[in-house]
Each structure stands twice: as C-alpha cells, then as structure tokens.
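Residue-level structure breakdown
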Amino acid sequence: MVDDAQQPSHAAPDAGADIRTTRNEVAIDIIGLNKWYGAFHALRDVSLQVMRGERIVICGPSGGGKSTLLRCINRLENWQQGRLIVDGVELTDDLKKIDEIRREVGMVFQHFNLFPHLTVLENCMLAPVWVRRQPRKEAEAIARHNLARVRIPEQADKYPAQLSGGQQQRVAIARALCMQPKIMLFDEPTSALDPEMVREVLDTMVALALDGMTMLVVSHEMGFARQAATRMILMDAGQIIEINQPEAFFSNPQHERTKLFLRQILH
Amino acid sequence: MSSIPSAGFVRGAMIVPAAPPAVQASVRGWIRGHLFNSIGNAILTVLGIIALAALAWPTFRFLLIDAVWRGADRSACLSETAGREVGACWPFIAAKFDQLMYGFYPASQRWRVDLVYACGALLLAPLLVPRVPYKTLNAVFFFGVFPLLAGVLLVGGVLGLTEVETRLWGGLLVTLVISYAGIVGSLPLGILLALGRRSELPVVRGLSVVFIEFWRGVPLITVLFFATYMLPLFLPGNWKIDGLLRVLIGVILFSGAYLAEVVRAGLQAIPRGQFEAARALGLGYWRMMGLVILPQALRLVIPGLVNSFIALFKDTTLVLIVAIFDLLGQLRAAFADPNWATPVTLFTGFAFAGMIYFVVSFAMSRYAMFTEQRLNAR
C-alpha cells in the first residue's frame, strides 16, 4: 500500500488517488516542467510522479500538450525550465544520459514508424544488436519471442508495407519490447488505425499491462483506460487539469474542463 | 426522385475469386490499340516512322553498308580508290585501337593494364548481380583492395614492375581511371557533406555550406586548370604531386559537392518519424544514419546519383585542357595522323567514341533502373 508521503506532487488539487503498484519506486519524476515553442507556452509547470508498474492514460483536447509531455520523457523534445528524472537518471543536455534513458524507455508512435527497408524481424533485431550489442542469435530469439507475444510470429520475414495497420503497430510494440525497456510510452497508438484493428492493438497493450509494465499512454480509447489504467489524467492548455482513478474519473469528474471533455467524447 | 426499393438484400454463398478473361496479346492488336487508335496518334505514328527512317537509314548505311573494313592506310578509305561512296573507315580504328585503349603505355607492359581491366570486371560483375552472396566481402575487395592493386600494377616501380609515368597513360585507360576514382571517391564525400550541411553544429554546417557552394560555383575546367597549373605554386618547393593525381583530387572534390546536394534531397525526404523512432530506440547519430536513414535516402535518389555519375563519366573528356589524353583526347591526336586523313576519318572516329560513351552510360542507366525496380518491388 502507498502512504501519503508518496502521493504524486502536482499543481492540480489532489484527487486522493490510492495507487496500487508492484514496487514503491518512482519510475518518472516530472518537476515543474515548462516548455515554450517560440512564444507559445506549450507545457505550463507540469509536475507528476509515475510509480513503477503504473499505467497512466493521458487524455484531453488536441494541442493540450499530451504528446509534448510524453516526448519530453525520452527527450525527443527539450524544455526550458524544470527537471525530469527517469529511472533515477536526470535528463539534461548530456547525450550519454539521454541515450542511457532511451535504452530503458520504449516508445510506440501514432504512425508506427517502422523501418520500411528492413523485414519485421530485422526491425526488431536492429536495436538489440547495435545498441545493446547482443549477438545476433540471441537478438533473433528475443525478437521472435516478442513477435509471438504480440501474436504475429508468422510475419517475421515480411516487410512492413505488406502488413495491415494493426499488424504494423503490433510490430512496433514488439520492436520496442525487444530492448527490454522498463517504461513504455504510447503516443496515440490506435488513432491511425481502422476501427477493426484497434481491438487487436489494445488487447496487446492490456496483456502488457497485466505483465506489470510501467506504461504512459496518450489515448482517447476510454474502454482501454477503464480496463487497464491505474490513473487517468486530463491535460489541456499545457497543464494537468485532473488526475483520478478511472472509475472516479468517468463517473465523478471534478473540474469543469473534465466534465466538458467527457461530454464531448462519450456520445 | 426514384422510389427507394423496399426489399433488402442478404448474400447467400460468397462468390469465389475467378481468373480474369484471357487477353489476346498480339503485335497487331497492340499496334492498332496504341499507335493507330485515333487520327492524331496515327498521324504522329506515320511522322515518327518517317523521321526514324530519315535518321536511322543514313546512319546504318554509313556505319555498315558503305563502310570499308580492310585497308592499310588512307587510300583504302577514299571514294576514288574504292570506286563508290565510302562510309566509315574502320581500318583507321583498327590501326589506332591500341592507342585509343592504352594511350602511350609501353607495349610490353600493356598486360598490366589488361590485368587491371580483368580484375575490375571480375570483381564488379558479381557485385552487380543481386543473387550472388558475400556482397560485403565483394564490396571490400572492389572498393578497397582493387584501387590499391590497380595503382600498384598501373604505376609500377615496386615488386619488379617497371615504372610507367602517368604522362604516358591515355585513351580509355585514363577515362576509366578518372571515372572510377571520381565515382568511388565522391560518393562518400558527398554523403559526409550532405550530413554536415544538415548538422546542428554551426561550425560543421558552415564549413559544409562553404565547401559545397565554392566547388559548385566554379566550372570543372577551372578546377582542372587550377589543380594542374596553380596548385604546384602553392605547395612547398619540393613537394610534387603527380599530374593525374591532381586531376583525380579535383574531380573528386568537384563531384562530391554536387552529390552532396543530391543526397541532401534524399535526406530531406525521409519522414521525421524515422529519425524519431531510431532515436527512441537508443541509436546514436552515426548508427541512425548508417542503418536507418541513409539506406532509405540513397534508394530514393538513385536517379539523381546515376545522373551525376553518367555526367562525371562524360566530363572526363575535359582533361584534354590540361594535356591529359583521355579517350577523346587520344582520338583527336589520332586525327592528326596524315596517314589516315580522309573525309570520313572524323566521322568514323567520333562514331566509335560516341558508341563507347553511349554503351557505358546506357549500361549505368539501365542498371540503375533495374536496381530501382528491384527495391520498389518490396
């Protein structure tokens, strides 16, 4: 059980969330993050603690800063003020630290971003061989294992263009898993998929969640959030509006913005 | 407005996919369908045939039908002696063939040039065929070992081989040496410059931009001139660089700047997501470029690269300006021989050289197309 000392510190009123986690460790610590794109204040004083084993779903209107926040965690975006500590390592301009973090944080993109000139298996083996310096046989075994985990082991020798969208996204998940990350980031993983394929990707993500992976998901899939999330976050205008457990979040939203958002998406 | 039908529809058995109807593929059918399917097309087809005949027939007559095939000197190729209209003077080419191929390379040492040609062909052929394995080893040999081997064999001076000054090299030998060095040397340089131009480090980017703009801003002739005649003035007294080597360096730097922009176009076309995915996996800059970005970018710009290579191959003729006799230079020297002066000598010579240039350029172009089709078939 988590005691008060480990309640997440953030600007919005504490919703009194009771977090069940597998270990009492802080996976991601975001402290007063501020980011500007030129004159536009994209992230406003964002603070959040993500514990190991948590599954956090971030939702909110477009342009609210959800993806920006996610991409800060593996330093695909930089920031002007604030601190970000991932897995005990503080992210600064230090390239070595950044690469260290990126090895432990896997990311799945909205548009899959598979490497089209490599087969599915080669896509999955690339990073373990060249970043973790694993021997090819070992990397291949891990790749095949993860492809089986996302339930497409037979597609190993195909090229990404030959697969459907849902299959490509699952390959992207397998590719991220091959680095054996401690944290997985999902940036709207099902937004570019046909509705029939959304299910298979969400099922994969639920299975990952049940395996105890720490996950940060930007998504509008409320069904998934209800099923797998430990906390729901609403972000708008670059700041965290509300945090709560999924059931409370949906049945009893506190903030006006949350109520408005839920009214708009749950139709 | 028509009324909406009231009955719905529910399919029974699914339709099994069937084969498409057989198309009667015949030549007559194709001709009728593509060349004569409208008045406009028919007229254009007829005009095209007339134009083709007007150009092709005289060429055919000149090169084959009216051509002289045997003879010892100019008299064989004069219309007075032959008693008819004379076409190409092939004995002229036969007589000058060694010069056109080797320049003034000593006759007794020409086996070295032949050996270099043979090694080059033996290493290049398997590299071009996709199915042949051990490509990496092959590439190391062709791009790494072969130049050294060729350098030693052609220049000599070691291993008991007599030294042959580059001054004596000429003809197709020089053309191929400059083309090979130019292509193999300028592509890595071009890639590095393109990466440098896109770099976030201001010094690297600045230097790359300056380099590219400078070398693109001067004509190749000026570069060759400067490299051959001006460069020795800038070098410390007793430091002499071989004339051909100076030309090679100039060509590599010049071509590298052009290729840099071609490669940069390819890099720009790669979606940002590819860079992000590679970074997110923890790949460093060089691994990202080498494993993910450049393989895709280079594939995209194959047409541009081959274009530059073909242009480079033909630009080698400019070395005549610095008194190096490539194929065309050697040909012009051959024209000066009074023993073979006839009205058709020039045409014959240029036709021969033109055919060589065309065959090599066309081969490069076709191979590039073949490569593109193979890569896009995935």
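Residues numbered from 1 in each chain as written. Chains lettered and ligands numbered in written order. Predicted model: local features only at pLDDT ≥ 70, side-chain atom pairs only at ≥ 80, totals over all residues.

When helices and strands are tallied, chain A shows 9 helices and 10 strands. What you see for chain A is a C-alpha radius of gyration of 18 Å, in line with the 18 Å of a compact globule of 267 residues. Principal-axis analysis of the C-alpha atoms places the extent of chain A at approximately 50 × 45 × 40 Å. Counting over 267 residues, chain A shows a buried share of 48%. Once local pairs closer than 6 in sequence are excluded, the contacts in chain A between residues at least 24 apart make up 67%. (Helix = DSSP H or I, 4+ residues; strand = E, 2+ residues; numbered from the N terminus. Rg over C-alpha atoms; globule rule 2.2 N^0.38 Å. Buried ≥ 20, exposed ≤ 12 C-beta atoms within 10 Å, placed from the backbone. Contact = placed C-beta atoms within 7 Å.)

Turning our eyes to something else, we now look at the overall build of chain B. If you tally the helices and strands in chain B, you get 15 helices and 0 strands. Relative to the 2.2 N^0.38 estimate, which gives 21 Å for 378 residues, the radius of gyration of chain B is 28 Å and therefore markedly larger than a compact globule would have. With the C-alpha coordinates of chain B rotated into their principal frame, the extents come out at 95 × 65 × 40 Å. A buried classification covers 28% of the 378 residues belonging to chain B.

One open sheet accounts for 4 strands, arranged β2-β1-β4-β5 (chain A); its pairing is antiparallel. Looking at strand neighbours, the two that pair on one side only are β2 (40–51) and β5 (89–90) of chain A, the edges of this open sheet. (Pairing = 2+ DSSP bridges.)

The interface is formed by 17 residues belonging to chain B together with 19 residues belonging to chain A. Elements represented by at least two residues in the side of chain B that touches chain A include exactly α11 (272–280) and α12 (285–300) of chain B. Classifying every residue of the side of chain B that touches chain A gives 7 nonpolar, 5 polar and 5 charged. (Nonpolar A, V, L, I, M, F, W, Y, C, P; charged D, E, K, R; others polar.)

Let us now look at the pairing of strand β3 (residues 55–59) of chain A. All names here are of chain A. Along β3, 5 of the 5 residues are buried, which leaves the element largely enclosed by surrounding structure. Burial of the side chains of β3 extends over both faces: Arg55, Val57 and Cys59 are buried on one face and Ile56 and Ile58 on the other. Two elements, β3 and strand β8 (residues 214–218), share 4 bridges in a ladder whose sense is parallel. Looking at the pairing, isoleucine 56 lines up with leucine 216 of β8. As judged from the 4 bridges shared by β3 and strand β9 (residues 231–236), these two strands associate in the parallel manner. Within β9, the residue paired with valine 57 across the bridge is methionine 232.

Residue and element names in this part refer to chain A. Taken together, the 8 bridges between strand β1 (residues 26–37) and β2 define a ladder with antiparallel strand orientation. Bridge pairing in β2 places aspartate 29 opposite glutamine 49. Connecting the antiparallel pair β1 and β2 is a turn made up of 2 residues, with glycine 38 showing a positive phi of about 65°. As paired strands, β1 and strand β4 (residues 81–86) are joined by 5 bridges and run antiparallel to one another. Across the sheet, isoleucine 30 pairs through a bridge with leucine 84, a residue of β4.

Okay, helix α1 (residues 66–73) of chain A next. Residues and elements named next belong to chain A. Of all the 8 residues making up α1, 7 are buried; the element is thus mostly covered by neighbouring parts of the structure. The complete set of buried residues in α1 reads Lys66, Ser67, Thr68, Leu69, Leu70, Cys72 and Ile73. Looking one or two residues past α1, arginine 75 carries a phi angle of roughly 60°, positive in sign.

All names here are of chain A. Taking strand neighbours across the sheet as the criterion, the 6 strands line up as β6-β7-β8-β3-β9-β10 in an open arrangement whose pairing is mixed. Of all strands in the sheet, those with a lone pairing partner are β6 (105–108) and β10 (239–244), marking the two edges. In this sheet, neighbouring strand axes are inclined to one another by 20° on average, regardless of whether the strands run parallel or antiparallel. Against the sheet, helix α9 (residues 256–265) touches β9 and β10, its axis set at about 100° to β9. (Axes fitted to C-alpha atoms, helices over the stretch in contact; angles between N-to-C directions.)

Take unusual backbone geometry next. Even without glycine at this site, A:Arg133 takes up a positive phi of about 60°. The topology assignment puts A:Arg133 in the loop between α3 (120–130) and α4 (136–149). The phi angle at B:Leu159 is positive, at roughly 55°, despite the residue not being glycine. The residue B:Leu159 is located in the loop between α6 (135–155) and α7 (172–197) in this model. Residue classification places B:Leu159 among the exposed positions, given that 7 C-beta atoms sit within 10 Å.

Another aspect to go through is the environment of B:Pro106. Within the element layout of this structure, B:Pro106 appears in the loop between α4 (90–102) and α5 (110–128). Sequence separation of B:Pro106 and B:Trp169 is 63 residues, and the distance between their C-alpha atoms is 9.1 Å.

Along the polypeptide, B:Glu85 turns up in the loop between α3 (79–82) and α4. Non-local contacts of B:Glu85, meaning those with residues more than four positions away in its chain, are made with B:Asp66 and B:Ser79.

Another aspect to go through is the packing of α3(A) against α4(A). Residues and elements named next belong to chain A. Running from N to C, α3 and α4 cross one another at 130°; their axes reach a closest spacing of 9 Å. When the axes of α3 and α4 are compared, the pair comes out oblique. As for the relative orientation of α3 and α4, their crossing is right-handed in sense. Residue-level contacts link Leu121, Cys124, Met125, Pro128 and Val129 of α3 to Arg136, Ala139, Glu140, Ile142, Ala143, Asn146 and Leu147 of α4. When its residues are assigned to classes, the contact of α3 with α4 shows 9 nonpolar, 1 polar and 2 charged. (Parallel < 35°, antiparallel > 145°, perpendicular 65-115°, else oblique. Left-handed = near helix turned anticlockwise from the far one by under 90°.)

This paragraph deals with the environment of B:Val204. Residue and element names in this part refer to chain B. Note on placement: valine 204 falls in helix α8 (residues 202–217). Given 15 C-beta atoms within 10 Å, valine 204 falls into the partly exposed group. It is 30 Å that separates the C-alpha atoms of valine 204 and threonine 136, two residues lying 68 residues apart in sequence. If we skip the residues at most four places from it in the chain, valine 204 touches Gly196 and Ser199.

Attention now goes to the confidence of the model for chain B. Of all residues in chain B, 99% have pLDDT values of 70 or greater, and the mean over the chain is 89. This complex was scored by the predictor with a pTM of 0.84 and an ipTM of 0.88. (pLDDT = per-residue confidence, 0-100.)

On to the confidence of the model for chain A. Scored by pLDDT, chain A comes out at a mean of 89, with 91% of its residues at no less than 70. Below a pLDDT of 50 lies the segment residues 1–22 of chain A, which in the model reaches 40 contacts outside its immediate sequence neighbourhood of four places, other chains included.

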